[in-house]
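Read off the chains here:
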Amino acid sequence: MKLVFSDLIKIEKGNIINNWGVDAIVNSAPKTLLGGGGIDGQIFKAAGLGMNQECLLYSGCDIGDCRITNGYTT
């Protein structure tokens, strides 16, 4: 499924761990930002140690707030 809202934003359904060449992934993570299960766990696994180390610099994230990290690949 692909929904295109403009030349800047599109939504695709599929495996987000594959290299899609996207600029961002929006992820619902646990408040600790230290990886969880399901999709969040798979993102952390694919991102490798760098993502975990960066998220340790934050003191979590309250519901409704967001954090922006660098992009990582293993």
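Residues numbered from 1 in each chain as written. Predicted model: local features only at pLDDT ≥ 70, side-chain atom pairs only at ≥ 80, totals over all residues. Heavy atoms only, no water.

Section: helix α1 (residues 38–47)
- Among all positions in α1, only Asp40, Gly41, Ile43, Phe44 and Ala47 are buried. Across the axial projection of α1, the buried residues extend over an arc of 160°, all falling on one side. Set apart from the buried face of α1 by more than 90 degrees, the exposed residues are Gly38, Ile39 and Lys45.
- Of the surrounding elements, those touching the buried residues of α1 are α2 (49–56).
- Count one or two residues on from α1 and you reach Gly48, which has phi positive near 85°. (Buried < 20%, exposed > 50% of the residue type's maximum accessible area, 1.4 Å probe, protein only. Helix = DSSP H or I, 4+ residues; strand = E, 2+ residues; numbered from the N terminus. Arc of directions from axis to C-beta. Contact = heavy atoms within 4.5 Å.)

Observations regarding the side chain of Glu54
- With respect to the secondary-structure elements, Glu54 resides in helix α2.
- In this structure Glu54 is buried but unpaired, with Arg67 as the nearest side chain of opposite charge at 9.7 Å.
- Those residues in contact with Glu54 that lie beyond four places of it in its chain are Ile68, Thr69, Asn70 and Tyr72. (Lys, Arg positive; Asp, Glu negative; His and termini not counted. Salt bridge = Lys/Arg side-chain N within 4 Å of Asp/Glu carboxyl O.)

Overview of unusual backbone geometry
- Of note, Leu33 is a non-glycine position whose phi angle comes to about 65°, a positive value.
- Looking at the secondary structure, you find Leu33 in the loop between β2 (10–12) and α1.

Concerning the nonpolar core
- Core analysis: the biggest nonpolar cluster contains 6 residues, these being Leu33, Phe44, Ala47, Met51, Cys55 and Cys61.
- If you list the elements that add at least two residues to this core, you get α1 and α2.
- For Met51, the residues in contact, after removing those within four places along its chain, are Phe44, Thr69 and Tyr72. (Core = buried A, V, L, I, M, F, W, Y, C linked by side-chain atoms within 4.5 Å.)

This is a description of form; function is not addressed.
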